[in-house]
Protein chains: 2
Amino acid sequence: MARNQEEVKLLGVRGSPFVCRVIIALKLKGVEYEFIEENLGNKSDLLIKYNPIYKKVPVLVHNEKGVSESLVIVEYIDETWKGNPILPIEPYHKALARFWTKFIDDKIFAAIRKALFTKDEKEREEGIEESLEALQFLENELKDKFFGGDEINFVDIAAAIIAFWVPIFEEVVGIELVTSVKFPKLYNWSQELINHPIVKESLPSRDPLLAYFKGLFANIPASK
Amino acid sequence: MARNQEEVKLLGVRGSPFVCRVIIALKLKGVEYEFIEENLGNKSDLLIKYNPIYKKVPVLVHNEKGVSESLVIVEYIDETWKGNPILPIEPYHKALARFWTKFIDDKIFAAIRKALFTKDEKEREEGIEESLEALQFLENELKDKFFGGDEINFVDIAAAIIAFWVPIFEEVVGIELVTSVKFPKLYNWSQELINHPIVKESLPSRDPLLAYFKGLFANIPASK
């Protein structure tokens, strides 16, 4: 099937860092796609059809075949459309990239959630400590402008949540995680990343997202 | 570097289902390797050197480069040594295989842990319910002798924990999860898998493992 006959749909919500990973990957590859905004309070038949297990976004529907889980989708995109490689080619570097994306989701994202989405002070302190410890590993790993070197790669895409969403969370909650003092390399990287032309046009608008998370945070019960 | 000059070491412990994934993958590929048994109570310098972040097994050390995380290692092995492919070649089927292995680790393993490693009855009941719900998705997905069709693939390797370890856990705790009545396809698959020649020679001995988990279970505090 020629590229111009391909049908690519992305089921998502604009503010999600996981959906944004897929948008960045599609734009890097120059893939035309239709964005279908989901209402997570009233999930569409399409979403339930293509992700019956989790019923979560993002879901990529490519010629009526659905792929779920943001990192799985990004690898699928990289393997399906050639040019502008997202993962390294060499198996060892590919394995390292997969290791770090898993680390971002399993450790950093989990710790940051714990630090932010609570009003329990003890839990927040623990979450902050775990976040700083996990972020330090990522800081140490960063050797160049991007994790991918001069160009962004799989790890940069996975870590976009740290560059764009975490500062919003910090503002909502009133704590500091990724500062230029604590993590100078990650801080500079985050500025480079959000100003990278493909990333910049893929990110959601900041102000509505800030308002959304302020509302979300205000509704967390004051004590456990 | 020719194959016979390659140095492949696997840092592991014999009873771990995650280490076993790597052993199965290496044996499928016919890769010669040195197994280095770790004492997790007194971790080796090698383990700390090659997996400084998690300090966990398995770690594959190939020509002095370390790769961690069992599923990342299995993909690395598949990409490094050709022949007997472990992941499907076609990107969509590859994405599905990655989705299911992630599902096994994120959902099934987490639910089974919750059901087994507790003496809190309410938590156990919840864990059992979550396990049965998650296992049903896997039962529905199984169409052939193996997840890989006639031959085992990435999903079978990831799911070996269900075929071999879960029955041991069931015996220790006195509950039933994967029975021929509840999950006939998964039950038959589990018998096929543990009798697959490569898997059979990769599995640890059952009796010491049973004794080990009995001891572990006996030491879980009686109430929370």
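Quick notes on the rules
- Residues numbered from 1 in each chain as written.
- Chains lettered and ligands numbered in written order.
- Predicted model: local features only at pLDDT ≥ 70, side-chain atom pairs only at ≥ 80, totals over all residues.
- Heavy atoms only, no water.
- Least-squares fit on C-alpha atoms with pLDDT ≥ 70 in both.
- Axes fitted to C-alpha atoms, helices over the stretch in contact; angles between N-to-C directions.
- Helix = DSSP H or I, 4+ residues; strand = E, 2+ residues; numbered from the N terminus.
- Parallel < 35°, antiparallel > 145°, perpendicular 65-115°, else oblique.
- Left-handed = near helix turned anticlockwise from the far one by under 90°.
- Contact = heavy atoms within 4.5 Å.
- Expected span 1.5 Å × (residues − 1).
- Bend = angle between axes of the 7 residues up to and from the residue.
- UniProt positions renumbered as here; feature names shortened; annotations may be inferred.
- Buried < 20%, exposed > 50% of the residue type's maximum accessible area, 1.4 Å probe, protein only.

Overview of the relation of the copies chain B and chain A
Once turned by 180° and shifted 0.0 Å along the axis, chain B lies on chain A with an RMSD of 0.0 Å. These values place the two chain copies in the arrangement generated by a two-fold rotation axis. Taking the C-alpha atom as reference, chain B places B:Asp106 closest to the rotation axis, 4.9 Å from it.

Notes on the packing of helix H4 (residues 91–116) of chain A against helix H7 (residues 160–173) of chain A
Residue and element names in this part refer to chain A. At a minimum axis separation of 11 Å, H4 and H7 run at an interaxial angle of 15°. One way to sum up the angle between H4 and H7 is to call them roughly parallel. Crossing of H4 over H7 shows left-handed handedness. Here Ile 104, Ile 108, Phe 109, Ile 112 and Leu 116 of H4 lie close against H7, whose contacting residues are Ile 161, Ile 162, Val 166, Phe 169 and Val 173.

A short note on H4(A)
Relative to the 38 Å expected for 26 residues at 1.5 Å per residue, H4(A) spans 36 Å between its end C-alpha atoms, a close match to the ideal helical length. A bend of about 35° at A:Ile104 is the largest found in H4(A).

Details of the UniProt feature "domain: GST N-terminal" (unreviewed entry) in chain A
Mapped onto the present numbering, the UniProt feature "domain: GST N-terminal" (unreviewed entry) falls at residues 6–85 of chain A. Helix and strand shares over residues 6–85 of chain A are 38% and 21% respectively, and the end C-alpha atoms of the span are 20 Å apart.

Points about the UniProt feature "domain: GST C-terminal" (unreviewed entry) in chain A
Annotation from UniProt places "domain: GST C-terminal" (unreviewed entry) at residues 90–222 of chain A. Split by type, residues 90–222 of chain A is 73% helix and 0% strand. Its first and last C-alpha atoms lie 49 Å apart.

Notes on the environment of A:Gly83
Here A:Gly83 shows up in the loop between helix H3 (70–80) and H4. Judged by relative accessible area, which is 43%, A:Gly83 ranks as partly exposed.

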